[in-house]
Amino acid sequence: MNIPSQILTLLAGIALTLISLWYGQNHGLMPVQASDDAVAVDGLFNAMMTVSMGIFLLVQGVLIFSIFKFRRRAGDETDGPPIEGNVLLEIVWTAIPVVIVLVISVYSFDVYKSMGGFDPEASDDPGLVQVAMMPDSESNAAFNTASDTASAPLINAPRHHHHHSVALGIGASPETANKPADVTVNVLGMQYAWIFSYPESGITSGELHIPVDKDVKLTLKAQDVIHAFWLPEFRLKQDTIPGQDSELRFVPRRVGDYPIVCAELCGAYHGGMVSRLYVQTQEDYDQWVQSQVALKDSQESAKTSTVASLDAIADPTPNMGDRATTSPDPIRQQISQKFGIDDSLLNQVQPATPTTATPTTATPATATPTTAPLSAMHS
Ligand SMILES: [Cu+2]
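Nothing here was measured: the structure is a model prediction, and the numbers come from that model.

**Q** Can you tell me about the overall build of the chain, naming the residues and giving the values?
**A** In terms of helices and strands, the chain carries eleven helices and eleven strands. A total of 379 residues make up the chain; the buried ones form 20% of that total. Sequence separation of at least 24 residues holds for 71% of the intrachain contacts in the chain that already meet a minimum separation of 6.

As structure tokens, then:
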């Protein structure tokens with residue numbers, strides 16, 4: 001049975017297409033999709049993988065086929081035929097990549113737009129900014145004399161409209177445009193940590209918690225050098241730049257915890273600049289916020305008592321008369337006199353025994369931590 005070469009070529013083309021289409025969907029190179037942005041980005045990535053696989057198989061297939069088909073036979077000492085150029089072939093293999101690149105550019109533009117990359121809040125109109133940044137003296141003067149006076153306000157107008165800090169990054173998607181985000185978190189990148197603060201509840205955390213299926217806006221700042229806030233499972237990455245805010249706005253779609261990575265070599269411990277993102281149900285998220293608020297309150301009261309204790313220790317006016325009256329314990333009185341330690345300090349280390357203590361000194365430091373050392377000092 002002799003199959004014509006056209007049929008064989010057609011079959012090879014069909015096989016190549018099917019393998020490429022399958023591989024484009026099953027390459028397994030991406031982590032889970034935790035946001036709508038991830039689905040959109042993966043669509044683009046899979047399309048590029050499909051095309052790449054097709055080209056790879058075509059080129060390698062022709063190469064391997066030629067190695068066998070056109071190999072030197074035994075006893076053949078002749079030169080190959082002198083082939084010089086083929087205009088049609090040149091046109092075809094230039095046109096195909098041009099079409100591929102154009103399609104991918106339009107597709108990627110569309111994906112970027114759907115993610116919110118062209119949100120006016122997030123990425124400002126660069127044309128207006130450039131005009132506003134032109135040097136006053138020469139360029140504007142030249143521009144003004146060359147054009148009619150009506151166009152002059154157009155040049156100067158952007159300067160007044162861009163006093164607010166211009167954000168970079170992924171902003172509101174076309175669906176969420178003109179709507180405030182459900183949750184806003186301020187992200188501060190520093191050598192070598194991410195700090196997350198929640199303006200609504202006033203809490204600060206080293207890990208990021210957000211509720212699932214909610215429109216989340218992260219405002220990104222950098223304290224020292226450029227970092228990059230990268231959420232691989234969300235297909236989102238944005239530089240944080242000192243002095244210029246950037247933004248990431250997205251909707252988490254999958255409950256779970258995910259790595260947060262710094263993707264900009266920012267110093268010696270850049271590799272350790274990792275944190276976790278917890279996407280939680282609304283109930284779990286609310287519970288976490290409440291626990292953090294409670295933690296913050298308890299930390300603040302502890303801080304206050306520590307400050308009061310430190311104030312008492314730092315008080316530079318020990319009084320001999322007071323010491324005698326507030327220190328009836330003879331042993332402590334001896335220590336106090338011998339080493340010149342104020343008795344109120346000894347009181348903190350070892351409260352006076354109940355039998356000998358007077359009411360003013362017997363107040364245990366733990367009962368009312370904010371006032372006990374002070375009252376002992378000033379009694
Ligand atoms: Cu970093």
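**Q** Could you give an account of helix α3 (residues 87-115), with specific residues and numbers?
**A** Compared with the 42 Å implied by 1.5 Å per residue over 29 residues, the 42 Å span of α3 between its first and last C-alpha is a close match. Here α3 lies mainly on the outside; two of its 29 residues are buried. Positive backbone phi, at 105°, marks Gly116, one or two positions downstream of α3.

**Q** Report on the sheet that holds strand β8 (residues 236-240), specifying residues and quantitative values.
**A** Consider a sheet: its strands pair through backbone hydrogen bonds, and that pairing is either parallel or antiparallel. Strands sit in the order β5-β11-β10-β7-β8 across an open sheet of five strands; the sheet is mixed. Here the strands that pair on one side only, and so sit at the sheet edges, are β5 (208-211) and β8. Across this sheet, the average inter-strand angle for adjacent strands is 20°, counted without regard to direction. Pairing of β5 with strand β11 (residues 274-280), which is carried by four bridges, proceeds in the parallel orientation. Its bridge partner being in β11, Leu208 is matched across the sheet by Leu277.

**Q** Lay out the nonpolar core in plain terms, naming residues and giving numbers.
**A** Core analysis: the biggest nonpolar cluster contains 30 residues, and Val187, Leu248 and Phe250 have the highest contact counts within it. Summarising the domain contributions, this core has at least three residues from each of domain 1 (7-66 + 89-115) and domain 2 (168-280).

**Q** Quick one: what's the story with the pairing of strand β6 (residues 216-222), residue by residue and with numbers?
**A** Burial runs high along β6: six of the seven residues are buried. Of the pairings in the sheet, the one linking strand β2 (residues 183-190) to β6 comprises seven bridges and is parallel in character. Bridge pairing links Gly189 to Ala222 in β6. With five bridges connecting them, β6 and strand β9 (residues 246-250) associate as antiparallel partners. Paired with Leu220 across the bridge in β9 is Ser246.

**Q** Describe in detail the environment of Cys266, supporting the description with residues and values.
**A** Residue position: Cys266 is located in the loop between β10 (256-262) and β11. Each C-alpha atom, one on Cys266 and one on Ile226, is 6.5 Å from the other, the two residues being 40 residues apart in sequence. Apart from the residues lying within four places of it in its own chain, the contact partners of Cys266 are Gln191, Val225, Ile226, His227 and Met273.

**Q** Can you lay out the pairing of β9 for me, pointing to particular residues and giving the numbers?
**A** Counting buried positions along β9 yields five of five residues, so the element is predominantly enclosed. The two faces of β9 match: Ser246, Leu248 and Phe250 on one face and Glu247 and Arg249 on the other face are all buried. The pairing of strand β1 (residues 168-170) with β9 spans three bridges and is parallel. When the bridges of β9 are listed, Ile170 appears paired with Leu248.

Criteria and thresholds
Every chain's residues receive numbers from 1 upward, in the order its sequence appears when written. A pLDDT threshold of at least 70 governs which residues receive local features in this predicted model, and a stricter bar of 80 or more applies before side-chain atom pairs are shown or counted, although totals over entire chains, interfaces and linings include all residues. Helical segments are the DSSP runs of H or I of at least four residues, strand segments are the runs of E of at least two, and each set is numbered from the N terminus. The exposure scheme places C-beta atoms from the backbone and then counts, for each residue, the other C-beta atoms within 10 Å of its own, assigning buried at 20 or more, exposed at 12 or fewer, and partly exposed in between. With C-beta atoms placed from the backbone, a contact is any residue pair whose C-beta atoms sit within 7 Å. The span you would expect from a helix comes to 1.5 Å times its residue count less one. Between any two strands, at least two bridges found by DSSP are needed for them to pair. Helix axes use the C-alpha atoms of the stretch in contact, all axes being lines fitted to C-alpha atoms, and the angles between their N-to-C directions lie in the range 0 to 180 degrees. For the purposes of this analysis, a nonpolar core is taken to be any set of buried Ala, Val, Leu, Ile, Met, Phe, Trp, Tyr and Cys residues that are connected through C-beta atoms within 7 Å. Domain start and stop positions are those given by an automatic or database domain assignment.

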